[in-house]
Amino acid sequence: AKYGNNVYVAYRSGNSIACLISTDNGLSFTGMPVASAEYITNPAICVSGNGTPYIVWGQYAQIITKGPQDPGWHLQYYVKWRTGTGWSERLLYDFIVDDNPFNPPPDTNNYLSPPSITVTTDSGYVGFSYYHLGVKVNTLRFLLSNPAYHSTQVIAPALSLAPKFTALGYDKGGRILVSFLPDIASPPKIYWRNIGSSAWRELEIPLPQDYIWPAGSPSLWA
């Protein structure tokens with residue numbers, strides 16, 4: 001992600017996420033640790049219109065004793081952003097996958113999917129999928145000025161196979177777009193809604209007749 005002379009590169013190495021930062025158009029970089037967990041996704045990064053970088057990722061958290069959160073295996077998504085005085089972090093999403101923390105960790109193939117992020121003028125949007133009583137694709141909105149305020153909306157419930165990767169975009173005309181593969185035997189779909197509306201519309205992307213098995217992860221530019 002780039003803004004002015006600043007370049008940000010977020011990446012995962014093993015069980016850790018880090019960010020490379022350049023202030024000279026990518027001629028040199030310094031590294032910064034972002035997060036670490038035994039079970040963690042690849043990160044996603046974007047930069048807002050005022051140059052603030054936002055990094056999101058998902059992870060499992062094993063909570064043993066009751067505190068602010070109940071014991072169990074938690075599916076969590078975090079956002080970390082840079083301000084003038086340093087970096088801040090906020091838990092955006094927390095869902096108990098298994099309320100027994102002493103069970104083996106949940107199946108990462110079904111639950112733990114890399115997120116995607118885009119920002120509008122005042123809000124950030126995070127897309128991710130997970131499996132619980134049917135596959136769901138979620139979008140999560142948080143206020144850039146106050147990430148403690150956030151809400152989650154399911155846009156595609158009860159899919160036949162978890163879409164492992166989602167791609168998110170904002171077309172500057174007031175629409176949030178999400179693209180993913182519904183299952184391994186179907187063409188990709190684009191969902192969109194206007195800012196200020198909760199109604200999602202969908203469009204199936206036609207593929208050539210001889211292209212039978214879509215694979216890989218989508219990418220979206222708007």
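Data block above holds the structure.
Below is a summary of the structure that appears in this document. (Residues numbered from 1 in each chain as written. Predicted model: local features only at pLDDT ≥ 70, side-chain atom pairs only at ≥ 80, totals over all residues. Heavy atoms only, no water.)

### So, the overall build of the chain
(1) Moving on: A tally of regular secondary structure across the chain gives one helix and 16 strands.
(2) Moving on: Scored against the burial criterion, the 222 residues of the chain give a buried share of 45%.
(3) Moving on: When the accessible surface of the chain is totalled, it reaches about 11,400 Å², and 51% of it is carbon and sulfur. (Helix = DSSP H or I, 4+ residues; strand = E, 2+ residues; numbered from the N terminus. Buried < 20%, exposed > 50% of the residue type's maximum accessible area, 1.4 Å probe, protein only. Areas by Shrake-Rupley, 256 points an atom, 1.4 Å probe, with all protein chains shown as cover.)

### Notes on the pairing of strand S15 (residues 189-194)
(1) Moving on: One ladder, built from six bridges, connects strand S14 (residues 175-180) with S15; its direction is antiparallel. Residue pairing across strands places Phe-180 opposite Lys-189, the latter belonging to S15.
(2) Moving on: Linking two consecutive strands that pair antiparallel, namely S15 and strand S16 (residues 201-204), is a turn of six residues; a positive phi of about 95 degrees is found at Gly-196 within it. (Pairing = 2+ DSSP bridges.)

### Notes on the sheet that holds strand S6 (residues 53-63)
Strands in a sheet are paired, the pairing made by backbone hydrogen bonds, and the direction either parallel or antiparallel.
(1) Moving on: The strand order across the open sheet built from four strands is S5-S6-S7-S8, with neighbouring strands paired in antiparallel fashion. The open sheet has two edge strands with one neighbour each: strand S5 (44-47) and strand S8 (86-98). Each neighbouring strand pair of the sheet contributes to a mean axis angle of 25 degrees, computed without reference to strand direction. (Axes fitted to C-alpha atoms, helices over the stretch in contact; angles between N-to-C directions.)

### Description of the pairing of strand S7 (residues 72-83)
(1) Moving on: With respect to burial, S7 is a largely interior element, ten of its twelve residues being buried.
(2) Moving on: One ladder, built from ten bridges, connects S6 with S7; its direction is antiparallel. Within the sheet, the bridge partner assigned to Gln-62 lies in S7 and is Trp-73.
(3) Moving on: Once S7 ends, the chain turns through two residues before running back antiparallel as S8.

Note that all results are geometric; they support no functional claim without further evidence.
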